[in-house]
Amino acid sequence: MPESEILAQANEFIRSQGFHVMTREDIPKFIDCAAESYGSVSYPLNDYFTGHPCTKEELREMWLFNLTYFYSRAVIYSDSPECNAWLLWIPPGCKGVSVMNFLRYGGIRMTRKLGLASLRRIMHYEDYSASVRMKATGGKEWYWYNLVVRPEAQGKHLVGKLLRPMLEFCADKGKPVYLETHSEKNVEIYRHFGFEVANDSPLPGTEMTHWGMVRKA
């Protein structure tokens, strides 16, 4: 099935579950949610990308690029139009960011804001992440790319509410689900949803553990 049909089918399913699928006009709102969520804690991967404790402004730049690029390539949805929490899922077979698309969707702006060293670290990470993911799933997975919850919305069971329908959708289609985390405390949380560790080695050149986890079809 073509990627466009896969996305359309998944987005239709998500809407049928009562969730809000991100529109282009929603991107600033989703960026704000991400900046508030990640900006309230120190997350190892974001700090690795920037080379120092990542600021909210740096988070905004990274997510501006990500959400602009993935708008038409991924399933991105929130609990409501107010966006207290959101998830991003990349469908099977989605390709990496080409040089042309990097330029087209704001890569130059992000590089100017974050610096070339940050861009190199992001590229190093993406290459490693892709290799681990391919080894774990053979490229047939739905990639659960991101989860964001505003600090004031945490503890309200939004994660399970948003996550379970999409996990069922993937299972119904016979597709495994892959995720990665860099926080050990998250590993047991994801086990609760049926994920098992496929990789727990450090990102090369760092002491940051990269947990790749798979939920089998």
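For the structure itself, consult the block above.
These figures come from a predicted structure and were not determined experimentally.

**Student:** Pulling in residues and values, what's your account of the pattern of salt bridges?
**Tutor:** This model, assessed by the stated rule, comprises six salt bridges. The residue glutamate 188 makes a salt bridge to arginine 191 at a minimum N-O spacing of 3.0 Å. Here glutamate 188 and its partner arginine 191 are both found in helix α9 (residues 184-192), three residues apart, which amounts to about one turn of the helix. Here arginine 191 falls in the partly exposed class, since its relative accessible area comes to 33%. Taken together, the shared-partner salt bridges connect Glu188, Arg191 and Glu196 into one network.

**Student:** Can you tell me about the sheet that holds strand β5 (residues 177-181), naming the residues and giving the values?
**Tutor:** Taken together, the seven strands give an open sheet; going across it, the order is β1-β2-β3-β4-β5-β7-β6, and neighbouring strands pair in mixed fashion. In this open sheet, the two edge strands, each paired with only one partner strand, are β1 (20-21) and β6 (196-202). Where strand β3 (residues 85-90) and strand β4 (residues 142-149) come together, six bridges link them in antiparallel fashion. Bridging from a neighbouring strand, leucine 87 pairs with leucine 147 of β4. Relative to β3, helix α4 (residues 56-70) is tilted by about 55°, and along the sheet it contacts β2 (75-78), β3 and β4.

**Student:** Explain the packing of helix α2 (residues 27-39) against α4 to me, using residue names and the numbers behind them.
**Tutor:** In a packed pair of helices, the relevant descriptors are the angle between the two axes and the axis-to-axis distance. Between α2 and α4, the least distance of the axes is 9 Å, while the angle of their chain directions is 135°. With respect to α4, the element α2 is oriented oblique. Considering the relative orientation of α2 and α4, their crossing is right-handed. Judged by residue contacts, Ile27, Phe30, Ile31, Asp32, Ala34, Ala35, Tyr38 and Gly39 of α2 engage Lys56, Leu59, Arg60, Trp63, Leu64, Leu67 and Thr68 from α4. Classifying every residue of the contact of α2 with α4 by side-chain character gives 10 nonpolar, two polar and three charged.

**Student:** I'd like a rundown of the packing of aromatic side chains, residues and numbers included.
**Tutor:** As enumerated under the stated definition, the model contains 20 aromatic pairs in all. Relative to tyrosine 43, the ring of tyrosine 38 has its centre 5.9 Å away and its plane inclined at 50°; by these criteria the two rings are tilted. For tyrosine 38, a relative accessible area of 14% translates into the label buried. Members of the aromatic cluster, each reached through a chain of ring pairs, are Phe30, Trp63, Phe65, Tyr69, Phe70, Trp86, Phe102, Tyr105, Tyr143, Tyr145 and Tyr178.

**Student:** Help me get a handle on the packing of α4 against helix α6 (residues 107-114), residues and values and all.
**Tutor:** Two numbers describe how α4 lies on α6: the axes approach to 9 Å, and their chain directions differ by 165°. Judged by the angle between their axes, α4 and α6 are roughly antiparallel. The two elements α4 and α6 cross, and the hand of that crossing is left-handed. Across the interface between the two elements, Glu58, Glu61, Met62, Leu64 and Phe65 of α4 pack against Gly107, Arg109, Met110, Lys113 and Leu114 of α6. Grouping the amino acids of the contact of α4 with α6 by side-chain chemistry returns five nonpolar, one polar and four charged.

Here is what the cut-offs are and how they apply
- Residues numbered from 1 in each chain as written.
- Predicted model: local features only at pLDDT ≥ 70, side-chain atom pairs only at ≥ 80, totals over all residues.
- Heavy atoms only, no water.
- Salt bridge = Lys/Arg side-chain N within 4 Å of Asp/Glu carboxyl O.
- Helix = DSSP H or I, 4+ residues; strand = E, 2+ residues; numbered from the N terminus.
- Buried < 20%, exposed > 50% of the residue type's maximum accessible area, 1.4 Å probe, protein only.
- Pairing = 2+ DSSP bridges.
- Contact = heavy atoms within 4.5 Å.
- Axes fitted to C-alpha atoms, helices over the stretch in contact; angles between N-to-C directions.
- Parallel < 35°, antiparallel > 145°, perpendicular 65-115°, else oblique.
- Left-handed = near helix turned anticlockwise from the far one by under 90°.
- Nonpolar A, V, L, I, M, F, W, Y, C, P; charged D, E, K, R; others polar.
- Phe/Tyr/Trp six-rings, centres within 6.5 Å; stacked < 30°, edge-to-face > 60°.

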